[in-house]
Amino acid sequence: MGDILGRALRRIAIEWQRREVSAARRALAESAQEARDAEAQADESARLAQVDAMRVRVARAMETHCASMLREAEADLDAMRRDA
């Protein structure tokens, strides 16, 4: 009787351990997926930051270009006024 009980207890312990291992594997897989998701989100945020920085550079370049064109147009207008 004790031998049967001992084997039954071992089978129960083994099954319990298998369930714990399965639960730990699932938790590990979920954590790994969360880490991949967070990394992808960080990568996307970095890409968006790069796009924003590029937009700022383009806007500043356009501002500089437009200011230069305005100065040239004002100079041409002043010249026309003097010649008139």
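Heads up: the structure comes first, above all this text.
The structure reproduced in this document is the subject of the present report.

**Remarks on the overall build of the chain**
When you go through the chain residue by residue, the secondary structure sums to one helix and zero strands. Relative to the compact-globule value of 12 Å for 84 residues, the chain shows a C-alpha radius of gyration of 36 Å, a clear excess of over 25%. Principal-axis analysis of the C-alpha atoms places the extent of the chain at approximately 125 × 10 × 5 Å. Within the span of the chain, comprising 84 residues, buried residues form 0% of the whole. Only carbon and sulfur atoms are counted for the fraction: they give 60% of the accessible area of the chain, which is about 7800 Å². Where the 15 positive side-chain charges of the chain centre and where its 16 negative ones centre are 14 Å apart.

**Notes on the pattern of salt bridges**
Applying the stated criterion to the full structure yields six salt bridges. Linking arginine 7 and aspartate 3 is a salt bridge whose minimum nitrogen-to-oxygen distance equals 3.4 Å. Of this pair, arginine 7 and aspartate 3 both sit in helix α1 (residues 2-83), separated by four residues, roughly a single helical turn. For arginine 7, a relative accessible area of 38% puts it in the partly exposed group. Taking the shortest distance from any N to any O, the salt bridge between arginine 18 and glutamate 15 comes out at 3.8 Å. With arginine 18 and glutamate 15 both in helix α1, this residue pair falls three residues apart, about one helical turn. Arginine 18 gets classed as exposed once you look at its relative accessible area, which sits at 53%. Counted as one network, the salt bridges with shared partners bring together Glu15, Arg18 and Arg19.

**Overview of a nonpolar patch on the surface**
A grouping of Leu5, Leu9 and Ile12 is seen on the molecular surface, where their side chains present a nonpolar patch of about 310 Å² in accessible area. Among the secondary structure elements, leucine 5 is positioned in helix α1. Judged by its relative accessible area of 52%, leucine 5 falls in the exposed class.

**Some remarks on the environment of alanine 73**
By the element assignment, alanine 73 lies in helix α1. Along the primary structure alanine 73 and glycine 6 are separated by 67 residues, whereas in three dimensions their C-alpha atoms are 99 Å apart.

What counts, and at which threshold
Residue positions are given per chain, counted from 1 along the sequence in the order it is written. Reporting of local features is limited, given that this is a predicted model, to residues whose pLDDT is at least 70; pairs of side-chain atoms are given and counted only at 80 or more, and all residues count toward the totals for whole chains, interfaces and linings. The side-chain values count all of the structure's non-hydrogen atoms but skip hydrogen atoms and water molecules. Working definition: helices are DSSP H or I runs of at least four residues, strands are E runs of at least two. Numbering for both runs from the N terminus. Throughout, radius of gyration means the C-alpha value; the globule benchmark is 2.2 Å times the number of residues raised to the power 0.38. Note on exposure labels: buried denotes an accessible area under 20% of the residue type's maximum, exposed denotes more than 50%, and partly exposed covers the range between, all computed with a 1.4 Å probe on protein chains only. Computed by Shrake-Rupley with a 1.4 Å probe, the accessible areas treat only the displayed protein chains as cover when residues are assessed. Residues counted as positive are Lys and Arg, residues counted as negative are Asp and Glu, and His and the chain ends are not counted. Here the site of a charge means atom NZ of a Lys, CZ of an Arg, CG of an Asp or CD of a Glu. Salt bridge criterion: a side-chain nitrogen from Lys or Arg within 4 Å of a carboxyl oxygen from Asp or Glu. Patch criteria: residues need more than 30% relative accessible area and no salt bridge. Like-charged residues are merged within 9 Å; nonpolar side chains of Val, Leu, Ile, Met, Phe, Trp and Tyr are merged within 5 Å.

Shape descriptors only; they carry no functional weight alone.
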